[in-house]
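Letter by letter, the chains look like this.
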Amino acid sequence: PAVPDTDHHQTRRGEESSSSAHPAEPFSSLPLPPTLQDNLASLGYLTMTPIQAASLPPILDGRDVIGQGKTGSGKTAAFGLGLLSALEVARFQVQALVLCPTRELADQVAEELRRLARMLANVKILSLCGGAPLGPQLNSLSHGAHVVVGTPGRIEEHLRKGSLDLSALGVLVLDEADRMLDMGFQAALYAIVAATPATRQTLLFSATYGDSVRPVAARMLREPVTVEVASTH
Ligand code: ADP
Ligand code: MG
């Protein structure tokens, strides 16, 4: 027998008039740790941008993701929330690496990750970029980190020196992959990937997804989910 219909208001949802064809989704619909949820609210991040709404569910599922979206679409928080929710803070090893084309972009990403991680106790985020002296970086690395953000050339240099260990890496992010390839970082990217476990999750973000990015993605990502967002609204 059918379950008695005790709630006559249930059908109202479908009758609701909506001013928007794609209502903005709140972060609270995601399976994020409560501390990250609280922190997002304190930052005033209430609803997800389209690329966040499309990419975060597969990212939080552990899938490899190719995300294509314009500047300003909110890509940093998309991969940032993914890597932060995968961190085991008690394990003091480099568990996530974000590669960016320039020092300026890496600094911006590190800053946004620190904002997103503010309420997670003791998460160490280290920035390792070319153009900065090696000595302080070697010193910082000797103290350890959970997350490293850097440029491909300098990360490769640390791998050659043995000052950076990526054997416990869980998440690799290629941010602005098209620009990194335009800048000639392809060999460095392959060398870095070779130093990471094959079991890692790989997230590739790019403003464009053309002939330079496609073959690299095919070699570095496993059964990726592709997410494409045309605009920021
Ligand atoms: P992209 O990397 O796609 O160019 P960013 O990740 O740098 O974009 O984000 C652009 C700006 O939007 C940043 O200032 C960021 O703090 C802000 N932002 C990102 N996601 C949200 C959100 N869900 N709600 C409010 N502001 C956001
Ligand atoms: Mg960005």
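In this text, all values refer to a predicted model and were calculated from it rather than measured experimentally.

Scoring rules and cut-offs
- Residues numbered from 1 in each chain as written.
- Chains lettered and ligands numbered in written order.
- Predicted model: local features only at pLDDT ≥ 70, side-chain atom pairs only at ≥ 80, totals over all residues.
- Helix = DSSP H or I, 4+ residues; strand = E, 2+ residues; numbered from the N terminus.
- Contact = placed C-beta atoms within 7 Å.
- Core = buried A, V, L, I, M, F, W, Y, C linked by C-beta atoms within 7 Å.
- Buried ≥ 20, exposed ≤ 12 C-beta atoms within 10 Å, placed from the backbone.
- Near = placed C-beta within 6 Å.
- Nonpolar A, V, L, I, M, F, W, Y, C, P; charged D, E, K, R; others polar.
- Axes fitted to C-alpha atoms, helices over the stretch in contact; angles between N-to-C directions.
- Parallel < 35°, antiparallel > 145°, perpendicular 65-115°, else oblique.
- Left-handed = near helix turned anticlockwise from the far one by under 90°.
- Expected span 1.5 Å × (residues − 1).
- Arc of directions from axis to C-beta.
- UniProt positions renumbered as here; feature names shortened; annotations may be inferred.
- Pairing = 2+ DSSP bridges.
- Right-handed = clockwise from strand over helix to strand, strands pointing away.

A.B. asks: What is the right way to look at the environment of Leu 40 in this model?
C.D. replies: Position of Leu 40 relative to the elements: it lies in helix α2 (residues 34–43). For the pair formed by Leu 40 and Arg 103, sequence separation is 63 residues and the distance between their alpha carbons is 26 Å. Other than its neighbours up to four places away in sequence, Leu 40 contacts Phe 27 and Tyr 45.

A.B. asks: How should the nonpolar core be read in this particular structure?
C.D. replies: Judged by nonpolar contacts, the single largest core of 60 residues is most densely connected at Leu 97, Leu 99, Val 149 and Val 173. Top element by residues in this core is helix α4 (residues 75–86). It accounts for 6 residues. Every residue in contact with Leu 97, bar those within four places of it in the chain, is listed here: Val 148, Leu 166, Leu 169, Leu 172 and Val 173.

A.B. asks: Explanation requested: the site of ligand 1 in the structure shown.
C.D. replies: The environment of ligand 1 is made up of 13 residues, and the closest members are Tyr 45, Thr 71, Gly 74, Lys 75 and Thr 76. Top element by residues in the shell around ligand 1 is α4. It accounts for 3 residues. Of the residues that constitute the shell around ligand 1, the class distribution is 3 nonpolar, 8 polar and 2 charged.

A.B. asks: Could you clarify how one ought to interpret the packing of α4 against helix α5 (residues 103–116) in this entry?
C.D. replies: Between two packed helices, what matters for the description is the angle formed by their axes and the separation of those axes. Close contact between α4 and α5 brings their axes to 10 Å; oriented N to C, the two are set at 55°. Taken together, the axis directions place α4 and α5 in an arrangement best described as oblique. As for the relative orientation of α4 and α5, their crossing is right-handed in sense. Seen from α4, the contacting residues are Thr 76, Ala 77, Gly 80, Leu 81 and Leu 84; seen from α5, they are Val 109, Glu 112, Leu 113 and Leu 116.

A.B. asks: Sorry if this is basic, but what is going on with the packing of helix α7 (residues 152–161) against helix α9 (residues 186–194) here?
C.D. replies: Two elements in contact, α7 and α9, have axes separated by 9 Å at closest approach and are oriented at 45°. Classified by the angle between their axes, α7 and α9 sit oblique to one another. Between α7 and α9 the crossing geometry is left-handed. Along its contact with α7, which presents Pro 152, Gly 153, Ile 155, Glu 156 and Leu 159, the element α9 presents Ala 188, Leu 189, Ala 191 and Ile 192. For the contact of α7 with α9, a count of residues per class yields 7 nonpolar, 1 polar and 1 charged.

A.B. asks: Would you mind showing me how to read the environment of Lys 75 here?
C.D. replies: One can find Lys 75 in helix α4. By the C-beta count within 10 Å, which is 27 here, Lys 75 ends up buried. Sequence separation of Lys 75 and Phe 205 is 130 residues, and the distance between their C-alpha atoms is 7.3 Å. Filtering out sequence-adjacent residues up to four positions away, Lys 75 remains in contact with Ile 51, Gly 67, Gly 69, Asp 175 and Phe 205.

A.B. asks: Explain α5 to me, please; I cannot follow it from the model alone.
C.D. replies: Two residues of an α-helix separated by three or four positions point the same way, owing to the 3.6 residues in each turn. Between its first and last C-alpha, α5 extends 20 Å over 14 residues, near the 20 Å set by a 1.5 Å rise per residue. Regarding α5, the residues found buried are Ala 106, Val 109, Ala 110, Leu 113 and Leu 116. Along the long axis of α5, the arc covered by the buried residues comes to 125°, so they all point the same way. Buried residues in α5 make contact with α2, α4, β2 (96–99), β3 (125–128) and β4 (147–150).

A.B. asks: It is not clear to me how the UniProt feature "short sequence motif: Q motif" (unreviewed entry) in the protein chain should be interpreted in this structure. Could you clarify?
C.D. replies: Per the UniProt record, the feature "short sequence motif: Q motif" (unreviewed entry) sits at residues 25–53. For residues 25–53, the end-to-end C-alpha separation is 7 Å, with 48% helix and 0% strand making up the annotated structure.

A.B. asks: Please explain the pairing of β4 as it appears in this structure.
C.D. replies: Moving residue by residue along a regular strand, the side chains alternate between the two faces of the sheet. Burial along β4 is two-sided: Val 147 and Val 149 facing one way and Val 148 and Gly 150 facing the other are all buried. Judged from the 4 bridges that link them, β2 and β4 form a sheet pairing that is parallel. Looking across to β4, one finds that Ala 96 is bridged to Val 147. Strand direction decides the pairing type here: β3 and β4, joined by 4 bridges, are parallel. Residue pairing across strands places Ser 127 opposite Val 149, the latter belonging to β4. For the crossover that starts at β3, traverses helix α6 (residues 134–143) and ends in the parallel β4, the hand is right-handed.

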